[in-house]
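# Fold and geometry: a report
Chain residues, written in single-letter form:
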2 protein chains.
Amino acid sequence: MTREPVYLVGAGPGAPDLLTVRAARVLARADALLYDRLVHPDVVALATQARVKVAVGKSPGAPKAAQEAICATLQALWQAGYDPVVRLKGGDPFVFGRGGEEAAALSAAGIPWEVVPGLSAALAAPALAHIPVTHRGVSPGVVIVSGTAAGGRLHSLAGEGQTPYTLVVLMGVARLEALVRSLIAGGKPPDTPAALLAAMAWPEARAVRAPLAELPAAARAAGMTAPATLVVGPVAALFPLPSDLRGAVDAFAPG
Amino acid sequence: MTREPVYLVGAGPGAPDLLTVRAARVLARADALLYDRLVHPDVVALATQARVKVAVGKSPGAPKAAQEAICATLQALWQAGYDPVVRLKGGDPFVFGRGGEEAAALSAAGIPWEVVPGLSAALAAPALAHIPVTHRGVSPGVVIVSGTAAGGRLHSLAGEGQTPYTLVVLMGVARLEALVRSLIAGGKPPDTPAALLAAMAWPEARAVRAPLAELPAAARAAGMTAPATLVVGPVAALFPLPSDLRGAVDAFAPG
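Below is a summary of the structure that appears in this document. In this text the structure is predicted, and so the values were computed from the model without any measurement. (Residues numbered from 1 in each chain as written. Chains lettered and ligands numbered in written order. Predicted model: local features only at pLDDT ≥ 70, side-chain atom pairs only at ≥ 80, totals over all residues. Heavy atoms only, no water.)

With that out of the way, let us pick up the sheet that holds strand β2 (residues 32-36) of chain A. Picture the strands of a sheet paired through backbone hydrogen bonds; they go either parallel or antiparallel. Residues and elements named next belong to chain A. Read across the open sheet, the five strands follow the order β3-β2-β4-β1-β5; overall the sheet is parallel. On the outer flanks of this sheet lie β3 (52-56) and β5 (113-116), each paired with one strand and no other. Taken pair by pair, the neighbouring strands of this sheet meet at an average axis angle of 15°, ignoring direction. (Pairing = 2+ DSSP bridges. Helix = DSSP H or I, 4+ residues; strand = E, 2+ residues; numbered from the N terminus. Axes fitted to C-alpha atoms, helices over the stretch in contact; angles between N-to-C directions.)

This is the structure we're talking about:
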C-alpha cells in the first residue's frame, strides 16, 4: 500500500463551514493531527479518527512553539508511521502560514507532502465585511503584506504609500499606530478609508472602520486585539458593513 | 417568513471539492442559479433544487454577456420570487470577480445580498503548484493584479518591476509577451523565476515554469491558453512542481 503524503491543510478564517470540502475529508481521515491553537475547535473536532492530536502555536500562558520544533514533530509523527499525518493551519498554509518552511523541512527529510489550500483571512475577512478588495474604477489589484517582518521587527509600510492597489496587512494590530504612521509618511492620504477586521468568521466578529489616520485611536477605543486584518483603500468604504455584525464601530456609517 | 438575500458565491478554482462547505450548502438550497460558464459542471450540478439555471460569461461561439445584463437578470430572478437566488462565480466573487459591481447593483435596487467567499485562483493555483506566495527570507508579501485593465486594454506592469513581493497576475495570458516586457522594463530581473499555471484544480492542469524573459516563448511552445495565473518571483522555483502534474514544462526541473 502506498503511503499518503503529509497534508498541509488550510483551515480557513474560522467558521467550520468555510473549510473546503477537500480539507474536511482529509481531516476526517487524519491518523495524526498537528494543529494551530488558533484554529476553531469545531474544525479540530472533524479529525475523529486521529489517534494523536498535537496543538502548537500561541496560547495564553504558553510561549509560541519554535518553527523548528513544529517541523521536527511533523517528521517524528511521519516516522512513527501515522498515515496520514495532517498539519492543520489557520487560513492558507502558503499565505503567511509558514507552510513553505514546513514543506522545505519535509522535503529535506525525504518526506512527501501535499497542500490543501484554505481561505486566507487576507481575502476572506474583507469579503465577510462586504469589502471587495478589487473593484472596477476603484482598485485594480491588492497587495497583501505582513505587519511584522522576520525577527518580529516592525515592517515599514512606507513603500506602500503610493500603491494604487488595496492594501491588506496581516499581523499588524500590535503595531497599528506605527504601521499607519509609516504608510501616511509614504504618501497614503490620511483620509483613505480603512478597516480593521477581527474574527470575521467567528460569532465574536468585530470591525472598526475609519479614515486611516483615525483608525489606531478608534481601534484602541474599541479594544481590538490580534489577530486582525487591516484593509486600506477606497474599497473599504464602498458598502455598509454587514447589518448583522454586532461588534462594529463605523465612522462611515450613514446617518 | 423572512426572505433570503441573494448569495454571491465563490466556486473556487475548479475542483468541486475545493468549494467551501458553506458554498456547497447554499448551492444545494438554490432556487434560482446564475452561474459563469467557466465554473466546473460538477459544481453547477450541486444546485439540485434550482428551478432555473442561467449560464453567463464567455463560451465558444457566444459573446460575453454584458455586466449590466447579468445584474439585470439577478434582479429579475429576485423580483420573480425565487428564494434564494444564487450567483455562482469562479474563484472568489470579490477578487477580480466583479462581485462588487453586482452587489452595488443589488444594493441600488434595494435587494439584500451576502457573500460566500471562495478560493481565488490567485492564491490557490500557486499552492496547487507547490509555490508558497510568501516565504520567510524570500518574499514578505504578494501583489495580485489583473493583466487586463478596464476596457480590455493592457495593464502595464512596469510599476511592479521593483516590487519586493511575489507578483500574481490574473487574466494576463493573452498579452503575456507585452506584460513580461513591461515588467522587465520596470526593473524586474529577466532571470526571475516565473510560472504560468492553467486549470490547476482540474484534471487537465498545466504549468510552464521558466526564467521570466523566457516564459512567453515557453508558454507559446506549450500552447497555453487563457485563463491562466502568472506567478513571478523567487518563490516560483522554491520547490519542484508536483510530480503528478502531467502537463508540466519546467526549465527549473532538476537534472
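Next comes the rest of the description.
The omega torsion across Ala226 of chain A and Pro227 of chain A is -5°, close enough to zero to call that bond cis. Here the amide bond leading from Asp83 of chain B into Pro84 of chain B is cis, since omega sits at 0°, within 30 degrees of zero. As for its position among the elements, Pro84 of chain B is in the loop between α3 (67-79) and β4 (85-89). Non-glycine residue Phe96 of chain B carries a positive phi angle of around 55°. Along the chain, Phe96 of chain B turns up in the loop between β4 and α4 (99-108). Look at Phe96 of chain B and you get buried, because its relative accessible area is 17%. A positive phi is found at Ala199 of chain B, a non-glycine position, where the angle reads about 50°. Ala199 of chain B sits in the partly exposed class, given a relative accessible area of 27%. (Buried < 20%, exposed > 50% of the residue type's maximum accessible area, 1.4 Å probe, protein only.)

A few words now on the relation of the copies chain B and chain A. The operation relating chain B to chain A is a screw motion whose rotation component is 180°, with 0.0 Å of axial translation and a residual RMSD of 0.0 Å. In the structure described here, the two chain copies are related by an operation that fits a two-fold rotation axis. Both copies share a contact surface, since 100% of the interface residues of chain B are interface residues in chain A too. (Least-squares fit on C-alpha atoms with pLDDT ≥ 70 in both. Contact = heavy atoms within 4.5 Å.)

Before going further, it helps to examine the sheet that holds strand β2 (residues 32-36) of chain B. All names here are of chain B. What the five strands build is an open sheet, ordered β3-β2-β4-β1-β5; its pairing is parallel. This sheet does not close on itself; its edge strands, each paired only once, are β3 (52-56) and β5 (113-116). Strand-to-strand twist of the sheet, defined as the mean angle between neighbouring strand axes without regard to direction, takes the value 15°. Two elements, strand β1 (residues 6-10) and β5, share four bridges in a ladder whose sense is parallel. Bridge pairing in β5 places Leu8 opposite Val115.

Moving on, we come to the pattern of salt bridges. Taken as a whole, this structure holds 20 salt bridges over all chains when the rule is applied. Between Arg136 of chain A and Glu101 of chain B there is a salt bridge; the shortest N-O distance is 3.1 Å. One end of the pair, Arg136 of chain A, is in the loop between α5 (121-128) and β6 (141-146); the other, Glu101 of chain B, is in helix α4, on a second chain. One salt bridge connects Asp31 of chain B with Arg51 of chain B, and the closest N-O pair in it is separated by 2.8 Å. Within this pair, whereas Asp31 of chain B is found in the loop between α1 (21-29) and β2, its partner Arg51 of chain B is found in the loop between α2 (41-44) and β3, the two being separated by 20 residues in sequence. In the salt-bridge network here, residues are joined through shared partners; they are Asp36, Arg87, Lys89 and Glu102 of chain A. (Salt bridge = Lys/Arg side-chain N within 4 Å of Asp/Glu carboxyl O.)

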